[in-house]
Amino acid sequence: MDVTKKILLVDDEEDILEFIRYNLEKEGFDVNVAHNGREAINVAKQIKPDLVILDIMMPEMDGIETCQEIRSIPEMEHVVIAFLTARNEDYIHVAGLDSGGDDYITKPIKPRVLVSRVKALLRRSPARGGDDSGVIQSGPLTIDQDKHLVQCNGDTLELPRKEFELLVLLASAPGKVFRREEILDRVWGQDVIVGDRTIDVHIRKLREKLGDDFFRTIKGVGYKFEF
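Keep in mind that this is a model prediction, so the values were computed, not measured.

One finds Leu141, Ile143, Leu167, Ile183 and Leu210 to be the most contacted residues of the largest nonpolar core, which totals 26 residues. No other element matches the 7 residues that helix H6 (residues 161-171) contributes to this core. Once residues within four sequence positions are removed from consideration, Ile183 is found in contact with Leu166, Leu169, Leu170, Phe178, Trp188, Ile199 and Tyr223. Residues Ile64, Ile70, Met76 and Val79 belong to the second largest nonpolar core, which totals 22 residues.

This paragraph deals with helix H1 (residues 14-26). If you check H1, its first and last C-alpha atoms are 18 Å apart, about what 13 residues at 1.5 Å a residue would give, namely 18 Å. Among all positions in H1, only Ile16, Leu17, Ile20, Asn23 and Leu24 are buried. The buried residues of H1 occupy an angular sector of 150° when the element is viewed end-on, so they sit on one face. Residues Asp15, Tyr22 and Lys26 are exposed on H1 and point more than 90 degrees away from its buried face. Two residues or fewer after H1 comes Gly28, characterised by a positive phi angle close to 95°.

Looking now at unusual backbone geometry. Unusually for a residue other than glycine, Lys48 sits at a positive phi of about 50°. When its relative accessible area of 40% is taken as the criterion, Lys48 is described as partly exposed.

Listing the buried residues of helix H3 (residues 63-71) in full gives Gly63, Ile64, Thr66, Cys67, Ile70 and Arg71. The buried residues of H3 occupy an angular sector of 165° when the element is viewed end-on, so they sit on one face. If you check the start of H3, you find a side-chain oxygen 3.1 Å away from the backbone N of Ile64, and it comes from Asp62.

A few words now on the pattern of salt bridges. Going through the model one piece at a time under the given rule, you end up with 12 salt bridges. Via salt bridges that share partners, Arg161, Lys162 and Glu165 belong to a single interconnected network.

What counts and how
Residues numbered from 1 in each chain as written. Predicted model: local features only at pLDDT ≥ 70, side-chain atom pairs only at ≥ 80, totals over all residues. Heavy atoms only, no water. Core = buried A, V, L, I, M, F, W, Y, C linked by side-chain atoms within 4.5 Å. Buried < 20%, exposed > 50% of the residue type's maximum accessible area, 1.4 Å probe, protein only. Helix = DSSP H or I, 4+ residues; strand = E, 2+ residues; numbered from the N terminus. Contact = heavy atoms within 4.5 Å. Expected span 1.5 Å × (residues − 1). Arc of directions from axis to C-beta. Polar contact = N/O pair within 3.5 Å; in protein donor to acceptor, adjacent residues only side chain to side chain. Salt bridge = Lys/Arg side-chain N within 4 Å of Asp/Glu carboxyl O.

Below is the structure:
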């Protein structure tokens, strides 16, 4: 790779740190580690990583709190954050997304799958729609892609990365039905292994923040944006 990507890996289990670090360094990534949330925040400030892989269940400060703290650092507002977890409950997924997380890596994970997931997370290729100014306007909704901001009915919202990318994709073609496969490909990348529930959780969060009027569910197919 032309530019070495910096990854911050955070977990309180040494064997997991070593396993993931070894496999990512073999691929040429610059991997830094932290053993708890407080240490992770300090390391993140120093190295400004391209990707943070963050365990949820940790002593001192859990992954949810750590994610929120990292997101509050201005220069890391848009860093990609993936939670590393063995847990699969809906409320954990929702809490992680609410805190600013972009995705999940479920452990245990095979080395080749891990590397593919990491490469997909680092691609950072959100869909871009609207005019050359990077602004999409639809009724009371304004999406500024360059500033990564959304305004709706006079309120300014800063959405987590994947919610924002999903909104941009749908709003870039009002009335078009985006199939689930296309949404996964365009927002999460072909190598990222996520299920329909991931899309549904993101849509639900967008509806909570922007209202139901913008989004239509096409059962068995996907979603479309309307106004």
